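# Notes for the structure review
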Amino acid sequence: MEPDVSIDTSSMIRIAVVPVGDIPLHIFRDYAGMLARHHHDIQLSAITSFYTEHQKSPFSQQPWDSGSLSFKFILGGSPPSPWEDFQSNRKIHGVIGICHCPSSPDLDTVVHQFAAACKGYSSSLVQRCFAFSPGDAQLADRNDRGNKLILFPPADQRTQEIHLQTMMQDIAASLLMEFEKWVLQAESGGTILKTPLDSQASLSSEEVIKAKKRRLGRAQKTIGDYCLLAGSPVDANAHYSTALELARLTGDYFWYAGALEGGVCALLMDKAVHKDPIIEEEVKYRYNSVIVHYRKSFTQDNAQRVSPLSFELEATLKLARFLCRPELAKEVVELLTAAADGAKSLIDASDRLILYIEIARLYGTLGYHRKAAFFSRQVAQLYLQQENSLAAISAMQVLALTTKAYRVQSRASIPKYSVFNDVGSSLVDGGKLHHHLVVSLFESQWSTLQMVVLKEILLSAVRAGDPLAAWSAAARLLRSYYPLITPSGQNGLASALYNSAERLPSGTHCADPALPFVRFHSLPLHPSQMDIIKRDPGREDWWAGSAPSGPFIYTPFSKGDSINNSKQELVWVVGEPVQVLVELANPCGFDLLVNSIYLSVHSGNFDAFPISVTLPPNSSKVISLSGIPTKVGPVNIPGCLVHCFGVITEHFFKDVDNLLLGAAQGLVISDPFRCCGSGKLKTTAVPNITVVPSLPLLVSHVVGGDGAIILYEGEIRELWISVANAGTVAVEQAHISLSGKNQDSVISVDYDALKSALPLKPGAEVTIPVTLKAWQLGLVDHDVIASKSTSVNVTRPLKDASSPMLLIHYAGPADNHEEVAESVSGRCLATPLKVCVLQGLSFVKARLLSMEIPAHVGEISLGNDCADSLVKIDPYRGSWGLRFLELELSNPTDVVFEVGVSVQLESDSEFDYPKTRIDRDYSARVLIPLEHFKLPVVDASFLAPSNGKTSEKKKKAEVNAYVRKLISKIKVRWVSGRNSSGELHIKDATQAALETSIMDVLLPDPLTFSFRLVPKGDGDGGGGGGVLAHDMTPMEVLVRNNTKDSISMDLSITCRDVAGENCIEGTTSSVLWSGALSGMKVDVPPLEEIKHSFCLYFLVPGEYTLLAAAVIDDPNEILRARAPSSSLDEPIFCRGPPYHVRVNGSVC
């Protein structure tokens, strides 16, 4: 059998192309390729100038206008076939030698070598030797070497192709004339034709007579073959018809089938239509007859020596190739199945090899790639049976063709663009793959067959001596099918990898990765010193609106197109080291040594640092890979470069993501990370990375250590933050601000310390003082402390994320980033002021204590000049007042506190009260005195209820403002040990205590009542000697209106004794009076006071109490707000404080 056979093969003239002289192999291939590329068909009309008709041509129907001669070039030639007489197209009719003159300067030697090469082709009719690129001396050589040596002077390729075309036309004309001679000689009856079938027949007289009868029919069939070679299908058809009649009469079925084949070829040449249904049916009919007659020619006598079965199978393949189209796939498959069944009966293994090759090619043409792969494996098996390196190389190459169908192809055989188009472009919905693509990538049901294919490739590569191919096959086998391989088998594959690597040069790269599995894990937590912000050079506050968002430009809280922000963007700076976390997995049963692994970057602007890793069996590990950006521009990190098992391979993150997706959907055998004990990790893509020019880089630390400062609630501490420029660019601009919670705890920051140090050059350092005050722990924190077990120390520092943050926005020179499209030219240094707040003195409760002591009438004008006294006359009530804010404090800590209270006086000085000591686990009450802080006037706008929300808010704001003013005058400070001191937060407690009595504390009474003695005419003061019994004592009651409205009222005065009995009215009254004491109608103007005079005559000395009261019949809104009543018509009763009167004297 012959490869690449078709119906048209019968019309092709075979020409052997052989190298002559010392021509390099690649040059020979170039010239032979130029010859075969353009000169398969030579038109008959183009050779008329070279053709000479010596006698009348036997090809009377030669189509000179439309016909052509077809050539088939056999590189290197081929041995003569025993079937040349049966099919003339099997003969080598011409020999073309190719010589490279610079490599073979002696042309005479070239001629002799070419003549020697032509002796091996006895059937050749035309011989030419093409000598390319001759030198000047060779062109000038005039020695007569005949017309077989043709020189091609040096010229461009186009000129040489034209010259070569001319020479091929000459060869075609020469061959046509030789064919004419052969046909004329055959018609004369001088030709003896026989086949191996005839040579094996017996020489009985009967067979000799039968052979003589068949000779004429065979001659007609052979003449028909030459007519086809000469491009005359009409003449060929006539001779084939005669041959068919003669072969049928003589029972020569084998030659009959050959004549039928030639007739089909002549039919197609004449019609030149291959897809005509009528022609197709005719071809199928005739070729079915061909197959039947080849089968009839089979005899049992020569079955063990030579058989026409190969011709029967060739005819089957020719018909299948003719019909090979998807719409006729069923018929083609039936023909190929019949041919495959016949392979078992072939005697020659080479025939079986060619048959399987052709079947595989035809299945591939139909698109049946798995069937094609199956027969390709049969071809490889036949090659592997030959036990030689060349056969092993052929087997390896054939098996490589099957890997695509079995989904085990080498990555080197996949074009890069197809990988990105097929996989990368199908990433939708945040990185998910379409289901059909996942199915095409992973087909676990083929695992056993895929393993067998890879083992065959590994075996053939080892036999062929190709260590790189062997390493690739072992790597694919181990990486993809480790769950199905025993530990000993895994160790064997590891040994095969190491053995193959020993035969490879150091640093060899392979497209197929082995172990470990590598996936992108995450980016490490970015240091706060490296936060990058956008800079607006057109604004004075260039940092405004550029809160640090870490290394990422995109945050979920930023505005923008949500569609285009599906992948984060990352900014790196030239010259600053960066890190990427990747996870490695070794799911096999041996220790895996990774000699080096580093990030794979193809953009050329990143230097990666390799590290070595050892992975124990069935383990995974997260490692950090680092590098330094070197140039401005985008950076793409598709994966890692791994040097393992002696070879460098590139591991793509995308491949592992696809693998894990297939494992999640049950399409692959196993998840290598989960079987190694690694937790489930959400698939994340590597962000889009952009490298910007160098920026300044500030780093900070707290002087004395970066640990958290432990403070009690309210403790004040000063710390120093050292800031240094670790970059290569000077800091030109800087701004300090605060962020985070409890910003009020930062009492002061020395902003000028940093500004005075600008520009901060690389390597320079500056210290910034900061004063902190520990904040008060919230209720949640106290609950946490209370819920702790009694065995746990409650003074343990709380892990509080409420520490404030010191932000320093800084930037380099303004012209440092002109080449960057976006002004990403600033940074933000975020320095957390780490404070662990311990619970200090805790508030148990707070309350307001007040005491009112009646004043004596004789003391009305005394006591106001004692500013330091806690007990003072209330100018708005006329009585002694005493008010305290009582704070009950508990000390749950293990230290002792001393608490002191200081009050700010009106002279802006402070008055300190004695300190209170609170031991551990004890409580104490601290009294904070409140001076009489009153509003001078009661205004309706303040007290009266308002209908609008704005007025209500204003009233609350005014009240809160007065409360804060009151609280700000009181400081409660504590000291513990030598260095700890602080201030208690009493604002909340004080405000809560004052909420219930805010009106009493801040506002005066609408009416103020007071009594005084009227000086007598003799000059005695009212307070000189007091009140005497049996003496008429003149007095005055003063009523002050503290509102802005006039008040009308009924005024009454009552005097009571020590028993509380009314001593004016009744039959047993002990006090006489003159003037009016009740029923007095008076009007008090706004913000003024009135006086009412009366006299009392005390009959009995002792202690008496004077009370003034008023009934207001028509109260205004202010009075009702201060003294609410159940009914709007109900009068309001106002009573003043009691005044004591001490009456001296004796009882008469």
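Procedures and definitions
Residues numbered from 1 in each chain as written. Predicted model: local features only at pLDDT ≥ 70, side-chain atom pairs only at ≥ 80, totals over all residues. Heavy atoms only, no water. Helix = DSSP H or I, 4+ residues; strand = E, 2+ residues; numbered from the N terminus. Buried < 20%, exposed > 50% of the residue type's maximum accessible area, 1.4 Å probe, protein only. Contact = heavy atoms within 4.5 Å. Areas by Shrake-Rupley, 256 points an atom, 1.4 Å probe, with all protein chains shown as cover. Pairing = 2+ DSSP bridges. Expected span 1.5 Å × (residues − 1). Core = buried A, V, L, I, M, F, W, Y, C linked by side-chain atoms within 4.5 Å. Polar contact = N/O pair within 3.5 Å; in protein donor to acceptor, adjacent residues only side chain to side chain. Axes fitted to C-alpha atoms, helices over the stretch in contact; angles between N-to-C directions. Parallel < 35°, antiparallel > 145°, perpendicular 65-115°, else oblique. Nonpolar A, V, L, I, M, F, W, Y, C, P; charged D, E, K, R; others polar. Phe/Tyr/Trp six-rings, centres within 6.5 Å; stacked < 30°, edge-to-face > 60°. Salt bridge = Lys/Arg side-chain N within 4 Å of Asp/Glu carboxyl O. Left-handed = near helix turned anticlockwise from the far one by under 90°.

## Here's the deal with the overall build of the protein
Tallying secondary structure elements over the protein gives 27 helices and 48 strands in all. Relative to its full complement of 1148 residues, the protein shows a buried share of 48%. For the protein, the share of sequence-separated contacts (at least 6 apart) that also reach a separation of at least 24 residues comes to 77%. Accessible surface, the protein as shown: approximately 55800 Å² in total, 52% of it carbon and sulfur.

## Quick word on the pairing of strand 10 (residues 569-573)
Within strand 10, four of the five residues are buried, which leaves it mostly tucked inside the rest of the structure. Looking at chain direction, strand 10 and strand 19 (residues 688-692) are connected through five bridges and run parallel. When the bridges of strand 19 are listed, Val571 appears paired with Thr690.

## Here's the deal with helix 13 (residues 369-384)
The end-to-end C-alpha distance of helix 13 is 22 Å, a good match for the 22 Å that 16 residues give at a rise of 1.5 Å each. Of the positions making up helix 13, those classed as buried are Ala372, Ala373, Phe375, Ser376, Arg377, Val379, Ala380, Leu382, Tyr383 and Leu384. On the buried face of helix 13, the contacting elements are helix 11 (329-342), helix 12 (349-366), helix 14 (389-402) and helix 17 (447-464).

## What about the nonpolar core?
Judged by nonpolar contacts, the single largest core of 183 residues is most densely connected at Trp572, Ile597 and Phe645. The greatest single-element share of this core, amounting to 13 residues, is contributed by helix 4 (residues 157-187). With sequence-adjacent residues up to four places away left out, Trp572 is seen in contact with Val578, Val580, Phe606, Pro629, Val635, Ile637, Ile689, Thr690, Val691 and Val692. Within the second largest apolar cluster, 38 residues are counted, among which are Cys1055, Leu1096, Phe1098 and Tyr1104.

## A look at the side chain of Ser174
Looking at the secondary structure, you find Ser174 in helix 4. Relative accessible area serves as the criterion here: at 13%, Ser174 is assigned to the buried category. A polar contact is formed between the side chain of Ser174 and the backbone oxygen of Asp170, at a distance of 2.9 Å. Setting aside residues up to four positions removed in sequence, Ser174 forms contacts with Val126 and Arg128.

## A closer look at the sheet that holds strand 10
In space, the three strands of this open sheet follow the order 10-19-16, with mixed pairing throughout. Of all strands in the sheet, those bounded by a partner on one side alone are strand 10 and strand 16 (633-635). Sheet twist, expressed as the mean angle between neighbouring strand axes with direction ignored, is 35 degrees. As defined by bridge partners, strand 16 adjoins strand 19 across three bridges and the pair is classed as antiparallel. Counted as the bridge partner of Val635 is Ile689 from strand 19.

## Digging into the packing of helix 10 (residues 309-323) against helix 12
Where helix 10 contacts helix 12, the two axes come as close as 11 Å, and the packing angle between them is 10 degrees. By the angle between their directions, the pair helix 10 and helix 12 is classed as roughly parallel. Touching Ser310, Leu313, Leu317, Ala320 and Arg321 of helix 10 are Asp351, Leu355, Glu358, Ile359, Arg361 and Leu362, all from helix 12. Partitioned by chemical class, the residues of the contact of helix 10 with helix 12 number six nonpolar, one polar and four charged.

## Points about the packing of aromatic side chains
Taken as a whole and assessed by the stated rule, the structure comprises 31 aromatic pairs. A centroid spacing of 5.2 Å and a plane angle of 85 degrees characterise the contact between Phe86 and Phe311, whose relative ring orientation is edge-to-face. Here the residue Phe86 occupies a position in the loop between strand 3 (68-75) and strand 4 (92-100), and Phe311 occupies one in helix 10, the gap between them amounting to 225 residues. Judged by relative accessible area, Phe311 falls into the buried class, the value being 2%. On the numbers, 5.7 Å between centres and 70 degrees between planes, the contact of Phe1011 with Tyr1139 is edge-to-face.

## Points about the sheet that holds strand 45 (residues 1089-1098)
Strand order in the open sheet formed by four strands is 39-41-45-43, and the pairing between neighbours is antiparallel. This sheet does not close on itself; its edge strands, each paired only once, are strand 39 (1007-1013) and strand 43 (1071-1074). Here the strands of the sheet are splayed against their neighbours by 30 degrees on average, with no regard to which way each runs. Sheet topology note: the strand 41 (residues 1032-1041)/strand 45 ladder contains nine bridges and is antiparallel. Paired with Arg1040 across the two strands is Glu1089, which belongs to strand 45.

## Comments concerning the pattern of salt bridges
Here the structure, examined in full by the defined rule, presents 33 salt bridges. Salt bridges sharing common partners tie together Glu2, Arg14, Arg90 and Glu314.

## Looking at the pairing of strand 41
Two faces make up the sheet, and in a regular strand the side chains alternate between them. Among the ten residues in strand 41, seven count as buried, and that is most of the element. In the sheet, strand 39 pairs with strand 41 via seven bridges, with the strands oriented antiparallel. Bridged to Leu1007 within strand 41 is Asn1041.

## With respect to unusual backbone geometry
In terms of backbone geometry, most residues other than glycine have negative phi values and most peptide bonds are trans. Backbone torsion omega between Leu515 and Pro516 reads 0 degrees, so that peptide bond is classified as cis. As for its position among the elements, Pro516 is in the loop between strand 7 (509-510) and strand 8 (517-522). Of note, the bond from Leu758 into Pro759 is cis; its omega dihedral lies within 30 degrees of zero at -10 degrees. For Pro759, the location among the structural elements is in the loop between helix 21 (751-755) and strand 25 (765-773). With a phi angle near 55 degrees, Ser133 is a residue other than glycine that sits in the positive phi range. Turning to its location among the elements, Ser133 is positioned in the loop between strand 5 (126-132) and helix 3 (136-140). Phi is positive for Arg407, close to 60 degrees, though the residue is something other than glycine. Considering the arrangement of structural elements, one finds Arg407 in the loop between helix 14 and helix 15 (416-422).

## Observations regarding the packing of helix 7 (residues 233-250) against helix 8 (residues 253-271)
Contact geometry of helix 7 with helix 8 gives a least axis separation of 9 Å together with a crossing angle of 160 degrees. With respect to helix 8, the axis of helix 7 lies roughly antiparallel. Relative to helix 8, the crossing made by helix 7 is left-handed. From helix 7, Pro233, Val234, Ala236, Asn237, Tyr240, Ala243, Leu244, Ala247 and Arg248 reach across to helix 8, where they touch Tyr256, Ala259, Leu260, Gly262, Gly263, Ala266, Met269 and Asp270.

## Focus on the side chain of Glu358
Inspection of the secondary structure puts Glu358 in helix 12. Separated by 2.7 Å, the side chain of Glu358 and the backbone nitrogen of Asp4 make a polar contact. Reaching out from Glu358, the side chain makes a polar contact with the side chain of Arg321 at a distance of 2.6 Å.

## A closer look at helix 11
Taking 1.5 Å of rise per residue, 14 residues should cover 20 Å, and helix 11 covers 20 Å from first to last C-alpha, within 8% of that figure. Along helix 11, the residues that are buried comprise Ala329, Val332, Val333, Leu335, Leu336, Ala339, Ala340 and Gly342.

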